[in-house]
Amino acid sequence: MIPLSASAVLLMLLLLALPGLPGPALVALGGPPLLAAAWLLAGLRGCGLVLLAVWLCAEAAVMQSQRAPAALIGSDVLVTVMVCDFPRVAPGVTRLVVDTGPDPGFPGLPRRMQVGWYEAAPPPAVGEHWQLKLRLRGARGLHNAAGFDFERWLFVQRLGGTAYVRSSGLNRRLAGESLPRPCRLAAWRGEVAARLDAVVGQRPAGAWLRGLAVGARDGLEDSDWRLLRRTGTTHLMAISGLHVGLVAGLAGGLAAALLRALPAGPGARLLPIAAGLLAGTLYAALAGFALPTLRATAMLWTAGLLLAMRVRPDPWQGMAVAVLAVLLVDPFATLQAGFWLSFAGVAICLLSLQWELRRKQLAAGPGPLAWLRTLMGLQLLLAVGLAPLTMLWFGEVSLAGTLANLLAVPVFSLLLVPLVLLGMLLLPWPSLSVPVMLLAAGVLEALLVPLSWLAGLPPALLEWQPAGALALLLLLTGSLLLLWPPPLPGRWVALPLVAAGLFLPLPGPGPDGLQVDVLDVGQGAAVIVRTHRHVLVYDAGPAHRGNSVADSVLLPSLRSAGVRRIDLLVISHGHLDHYGGAPGLLAAYPATPLLANGTHGLHAMEYRRCRAGQRWRWDGHDFLVLHPDDARIPWSLNDGSCVLRIDGPGGSVLLPGDLERLGERYLLRERGLEPVDLVLVPHHGSRTSSTAEFVAATQARHVVVPSGSFNRFGHPDPGVVGRWRDSGSCVFKTSHDGAVRFSTGKAGRLEPVRVSRRDGRRVWQSRDLPLGACAGAGAAGPML
């Protein structure tokens, strides 16, 4: 089973890495011959792999068919929806997962969507039925080489698109409507959560207990999540294998104890197995059958069926069977961090068991100190083994996680989860359930005291990301060598491998090279410029309702490129879509100097005011500030943008911020402009910028419009795009093409080498905006 399981995982990874998958017609046509060939070459195992691939293609086709068609995007629809999960309330917005029903009245409308409501007070409750006027936004997100992939998240969560609620008197709650089956489960969970809130809702631990009971983590504050991240205990609040397995074990143990006290009949041995399966499945249902609980339930039923059939496989064989079961339940599982972390955790536990058996501690009859040593050893092995994966998926690893989990896991396993389950069972009898839930709240609040202390330690969290595939391979190899049970000659090699993986730099531009990454940050701008030994960031993207692109785009892009130091941050002007990500960027790179027209409330160790004539030289490239100058002109924020030009053997770049007509004409008159390889189109392609004189003076070979999909300003203006195109420029738009990377070509000029939506195209990506061809750009990519 192990080779079959490994082959299945590799097959899923390969298929999901493709730009697209075969459609139903092609699968129906080519499936039977492929199945026959697999039978001849590899027997049942080969047929199993083919059927798994067919299942994946079918699921992907269903998801693509659920995406909103381009004709509906941007339009308003009045629909009846059901709230099918706990609303997530953030400052200024409530996010809902809704079900539009089997016949919403609009052909192509997704069945399940994420909806943002900016006026919901109080927010709708889970299980409620509403009539809402929605503006459809499709299933689009930011597209960069690194960072959070919103489109993948929608795909994995089986959400066909996004929308937001329009202000309308037609928005109202409906009564007496029947709910679809998934929402009936959500309504039941909502009732249980309401009963819990009545008991512990006012306690500091109330939101935590709701999360443990019904998987409703919407009540946790940002500070709670920060504590969980810094202590490496986030997994304890995600109902998954640990929780479902614990509930099943408790139920099975109680059933076995009952059997010992009563006369046992034929088939009685199956009662504990059935009780465990039933209890674990009910707990997963209380958690809403979220993807982690589905994986845990699949693993639970696999183990239960093997026990019922008296099959006692090798633990590694059992894990392989569980992997196959999970892939059958969720063919997109390999796209999720939880899949890799959960099975890696199981594998590390099995390796830990081999360590203990080698040392013969268990055979010697372990006492309390021996068990404590075993638990500490297990936590150390988990910390070492999971660190590369957590750095890959989340860009961080908790250094306090070993101590925190050593304390928290036994408390959760032996006290909190049993108390919460007992309290829920006793909910019909408040006089019994209230003391139990209050005791659980007291235990959790007591646990939060040492966890908060650990989270407050300065080195509690290391923010680090492997710089490329080679660095990740070195980290994984080194971790495996450290984990492998003795005897293992040459284990010492693991330490230099881990050190190399942590500090291996990605090769940047050559001695005369230049690299420019125009990131996709939505309606805003952010550019990373690299010379051979220096890094400059021009603008830092937007922040919106407490969310900043620093965490989701900028920092992952820098860290995945191996950037450990930023030599200069330039903020063009004081609009939030250009400096919103700067606080997060400066917090992660505190020694970064700032060049701007004002501090904008930013706290930089070194600040210089942007003025025309400032210049410096990095690695043979001249950096020159062209605007604004010291003339006493009351520039608007846009026309006072800090304009930067870069010239050198690697190419030339013009970064004009949000310069408009007045600023462009002043710049042309006072400074003049020479031809340039690459221009960041001023003011996101607004009709107030990119005058004909400005476009003609730059003679740009390539231009990039930094704009957001379906933005309310209508950027970029079609006339502006046409003006640049007519001048001979190759036009890219981040809203269509995602991030674009330019690098020095053979002729010493900047050329586009990576267009994210073309070169990083994957199965889960939205197809609502077609990619075109950029005339004269060769491999440059699309022009729109």
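What to know about the sheet that holds strand β17 (residues 607-609)
With mixed pairing, eight strands are arranged side by side in an open sheet as β17-β16-β15-β12-β11-β10-β25-β26. The strands lining the two open edges of the sheet, one partner per strand, are β17 and β26 (750-755). Averaged over neighbouring strand pairs, the angle between their axes works out to 20° when direction is ignored. On top of the sheet, helix α17 (residues 549-560) reaches β11 (526-530) and β12 (535-540); it is set at about 165° to β12, its chief contact.

Digging into the pattern of salt bridges
Under the definition given, this model contains 23 salt bridges. Note that D76 is salt-bridged to R166, the shortest N-O span being 3.3 Å. Of this pair, D76 sits in strand β1 (residues 76-83) while R166 sits in the loop between β6 (161-165) and β7 (172-174), and the two are 90 residues apart along the sequence. On the basis of relative accessibility, which here comes to 31%, the residue D76 falls in the partly exposed class. For D567, the salt bridge is made with R565, and the minimal N-O distance between the two is 2.9 Å. Here R565 falls in the partly exposed class, since its relative accessible area comes to 47%.

Here's the deal with the pairing of strand β18 (residues 615-618)
Of the two faces of β18, the one lined by W616 and W618 is fully buried and the one lined by R615 and R617 carries no buried residue. When β18 meets strand β19 (residues 621-627), the two strands line up antiparallel, connected through four bridges. Each bridged residue has a counterpart across the sheet, and for R617 the counterpart in β19 is D622. Connecting β18 to the antiparallel partner β19 that follows it, the hairpin turn spans two residues, and D619 within it adopts a positive phi of roughly 50°.

Considerations on the nonpolar core
Nonpolar side chains tend to gather and get buried jointly when the protein is soluble and globular. Counting 59 residues, the largest nonpolar core has F412, L416, M424 and L444 as the members making the most contacts within it. Breaking this core down by element, the ones donating at least two residues are α4 (181-200), α5 (206-214), α6 (222-231), α7 (241-261), α8 (270-286), α9 (291-308), α13 (401-425) and α14 (430-455). If you look at the next biggest cluster of nonpolar residues, it comprises 34 residues, including L4, L56, C57 and A60.

Some details on the packing of α7 against α13
Two numbers describe how α7 lies on α13: the axes approach to 11 Å, and their chain directions differ by 75°. Taken together, α7 and α13 sit at an angle that is classed as roughly perpendicular. Counted together, L242, H243, L246, V247 and L250 of α7 and F412, S413, V417, P418 and L421 of α13 form the full contact between these two elements. A breakdown of the residues in the contact of α7 with α13 according to their chemical character gives eight nonpolar, two polar and no charged.

Comments concerning the side chain of D567
As for its placement among the helices and strands, D567 is situated in the loop between α17 and β15 (568-571). With a relative accessible area of 17%, D567 lands in the buried category.

A look at the confidence of the model for the chain
Detailed reading of the predicted coordinates is not advisable wherever pLDDT falls low. When pLDDT is averaged along the chain, the result is 86; 94% of the residues meet or exceed 70. Counted against residues more than four places away or in other chains, residues 775-784, with its pLDDT under 50, gives 36 contacts.

Things to note about unusual backbone geometry
The amide bond that connects H627 to the next residue, P628, takes the cis arrangement and shows omega of 0°. Along the chain, the position of P628 falls in the loop between β19 and β20 (643-648). Each neighbour pair has its own omega, and for H715 with P716 the value is -5°, a cis peptide bond. Structurally, P716 is set in the loop between β23 (702-705) and α22 (718-726).

What counts, and where the lines are drawn
- Residues numbered from 1 in each chain as written.
- Predicted model: local features only at pLDDT ≥ 70, side-chain atom pairs only at ≥ 80, totals over all residues.
- Heavy atoms only, no water.
- Pairing = 2+ DSSP bridges.
- Helix = DSSP H or I, 4+ residues; strand = E, 2+ residues; numbered from the N terminus.
- Axes fitted to C-alpha atoms, helices over the stretch in contact; angles between N-to-C directions.
- Contact = heavy atoms within 4.5 Å.
- Salt bridge = Lys/Arg side-chain N within 4 Å of Asp/Glu carboxyl O.
- Buried < 20%, exposed > 50% of the residue type's maximum accessible area, 1.4 Å probe, protein only.
- Core = buried A, V, L, I, M, F, W, Y, C linked by side-chain atoms within 4.5 Å.
- Parallel < 35°, antiparallel > 145°, perpendicular 65-115°, else oblique.
- Nonpolar A, V, L, I, M, F, W, Y, C, P; charged D, E, K, R; others polar.
- pLDDT = per-residue confidence, 0-100.

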